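Spelled out from the first residue to the last, the chains are:
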Amino acid sequence: MTQIICIANQKGGVGKTTTAINIAAAMADAGKLTLLVDCDPQANATTGIGIDKSNLEGTLYHALIGEAAAHEVIVDTYLEKLKIMPSRVELIGFEIEMMNQPNREKILKNLLHSLSDAYDYIIIDCPPSLSLLTLNAMTAADYILIPLQSEFYALEGLGQLLQTVKKIKENLNPSLRISGIVLTMFDKRTNLSFQVAENAEKYFKELVFKTRIPRNVRLGEAPSFGKPIIHYDSASAGAVNYLKLAREIMKAC
């Protein structure tokens, strides 16, 4: 049975796309047939996995507005078991074009339903906002994974996100569960990172994943080469920890 995991946080720069790419690649490496859905008009997941956006005939946008079937916009990556439903800047238009459509929050869910059981995991990379695209991702997902930056204001926006998750569960997707909160950009050299971790574990307890993603230069370099960190530099701390995180997620989901 396909497990759908959306990676969301309305705050930008917390490592959503890096997490989405590396978790998807790690699952594919583990032999799981995985689909990465780039639900962000910035399309960083698309370029980060090595796809040239300019050569795409169809993207997630075309599938969402009904101009193409889901399978028609899925693209191969350099990994045999990892496919991607790519994005491009035109996805911005989805918000406007679908604003008055009935059941507009369920469009992505219906789209992915057509792929039911074709994949072991579907990973959705969300935009950095609580937009219609993010609501679609949460409505379509079985689980939400929340990257939490190890910085001062990190916990402030988390309350708003959790309230949104609660409303989605009440009105659109009763089966949505939080798979966990992952601490990103963790810096062992600073007391602040440990303080954020301590506060997160105090309030959210077992929801916080044991694996922490370190602040790492190689993680920042990898997207420009169109590769996940686990293939760009498999010995780096970022790669080692993303592989550990993927194992935790697969165990939890």
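**Q** Just to check I follow, could you spell out the pattern of salt bridges for this structure?
**A** Side-chain pairing between opposite charges can occur once the charged atoms of the two side chains come close. Summed over the entire model, instances satisfying the criterion amount to six salt bridges. Notably, a salt bridge pairs Glu201 with Arg212, separated by 3.1 Å at the nearest N-O pair. Separated by eleven residues along the polypeptide, Glu201 in helix α8 (residues 191-204) and Arg212 in the loop between α8 and α9 (217-221) bring together distant segments of the chain. Judged by relative accessible area, Arg212 falls into the partly exposed class, the value being 24%. Here Asp233 and Arg218 are joined by a salt bridge, their closest N and O atoms 2.8 Å apart. Highlighted residues: Asp233 in the loop between α10 (229-232) and α11 (237-252) and Arg218 in helix α9, separated in sequence by 15 residues. When salt bridges that share partners are traced, they join Arg218, Glu221 and Asp233 into one network.

**Q** So what exactly am I meant to see when it comes to the layout of surface pockets here?
**A** Using a probe with the size of a water molecule, rolled over the atoms, empty space left in the structure can be pinpointed. When its volume is computed, the largest pocket comes out at roughly 460 Å³. Lining of the largest pocket is provided by 28 residues; of these, Gly15, Lys16, Thr17, Thr18 and Met185 occupy positions nearest its centre. Listed by contribution, the elements that provide at least two residues to the lining of the largest pocket are α1 (16-29) and α9. At five residues, α1 tops the list of elements feeding residues into the lining of the largest pocket. Looking at the lining of the second largest pocket, the elements that each hand over two or more residues are α5 (107-113) and α6 (132-140). Looking at which element gives the most residues to the lining of the second largest pocket, the answer is α5, with four residues.

Cut-offs and rules
- Residues numbered from 1 in each chain as written.
- Predicted model: local features only at pLDDT ≥ 70, side-chain atom pairs only at ≥ 80, totals over all residues.
- Heavy atoms only, no water.
- Salt bridge = Lys/Arg side-chain N within 4 Å of Asp/Glu carboxyl O.
- Helix = DSSP H or I, 4+ residues; strand = E, 2+ residues; numbered from the N terminus.
- Buried < 20%, exposed > 50% of the residue type's maximum accessible area, 1.4 Å probe, protein only.
- 1 Å grid on protein atoms, 1.4 Å probe; cavity = no way out; pocket = protein on both sides within 12 Å on 5 of 7 lines; lining within 4 Å.
- Points joined across faces, edges and corners; volume = space filled by probe spheres on them.

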